[in-house]
Structures are given as C-alpha cells and as structure tokens.
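Coordinate inspection notes
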Amino acid sequence: MEIVQKQDNLTMMQVLDEIVLDVSWGRLSKDYFGKSASWIYNKLHGRDGNGGHGEFSEKEKEILRGALVDISEKIRHNANKI
C-alpha cells in the first residue's frame, strides 16, 4: 500500500491527480454539495471564483472524502455484478 503524504502547498487538483480525469466533478458537485461545476473546479484549483485564494474548508474536505468513498463503493458494487 502506498503511503500518501499531504503537503500544504498542493491544490486539491494536484492531490487528486490520479483520479481527476476519471470523476465527473460537475455531477459530484451537484449531488454532494448542491453547487455548480464551476464552484468545484475553482475549489479544486484553490480559487474562490473571484480570482482570490479559496481552498476547501475542513467540512467541505470531509464531504468530498465521503463522496469519493461513496462513488468508489458504487463502482465496486457494479464491478461485482459483472
């Protein structure tokens, strides 16, 4: 198992680099945050939407973590049907 080290200077997009092309971020944003696709893309890139700095809050990180786990469980469930 690979050990993941968190670095404070990385954007969430960089942290999630291995899966960034595999996830429908707009759908995740709508389904789990009730927000637009542009909102999550700004957050992933560390922007607030007005050109300023805007990281995920701790609560938003918790929601994102849960969303990714939920999606991974759905993928595993459907893979097991094959």
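Located above this text is the structure these notes cover.
Throughout what follows, the structure given in this document is the object of discussion.

Conventions we followed
- Residue indices follow the written sequence of each chain, beginning from 1 at its first position.
- Where totals are concerned, whole chains, interfaces and linings use all residues; where local detail is concerned, this predicted model gives features only for residues with pLDDT of at least 70, and gives and counts side-chain atom pairs only at 80 or more.
- Side-chain metrics rest on all non-hydrogen atoms present in the structure, leaving aside hydrogens and water.
- Throughout this description, the term salt bridge denotes a Lys or Arg side-chain nitrogen within 4 Å of a carboxyl oxygen of Asp or Glu.
- Going along the chain from the N terminus, every DSSP run of H or I of four or more residues is numbered as a helix, and every run of E of two or more is numbered as a strand.
- Only protein chains enter the accessibility calculation, which uses a 1.4 Å probe; a residue is then buried when its area is under 20% of its type maximum, exposed when over 50%, and partly exposed in between.

One pass over the structure, following the stated rule, counts four salt bridges. Two residues, Lys 43 and Glu 60, come together in a salt bridge whose shortest N-O distance is 3.1 Å. Taken as a pair, Lys 43 in helix α3 (residues 37-44) and Glu 60 in helix α4 (residues 58-80) lie far apart in primary sequence, 17 residues in all. Grouping residues by exposure puts Lys 43 and Glu 60 together as buried. A salt bridge links Lys 61 to Glu 58, with the nearest nitrogen and oxygen atoms 3.4 Å apart. Taken together, the positions of Lys 61 and Glu 58, both in helix α4 and three residues apart, correspond to about one turn of that helix. Residue class for Lys 61 comes out partly exposed when judged on its relative accessible area of 27%.

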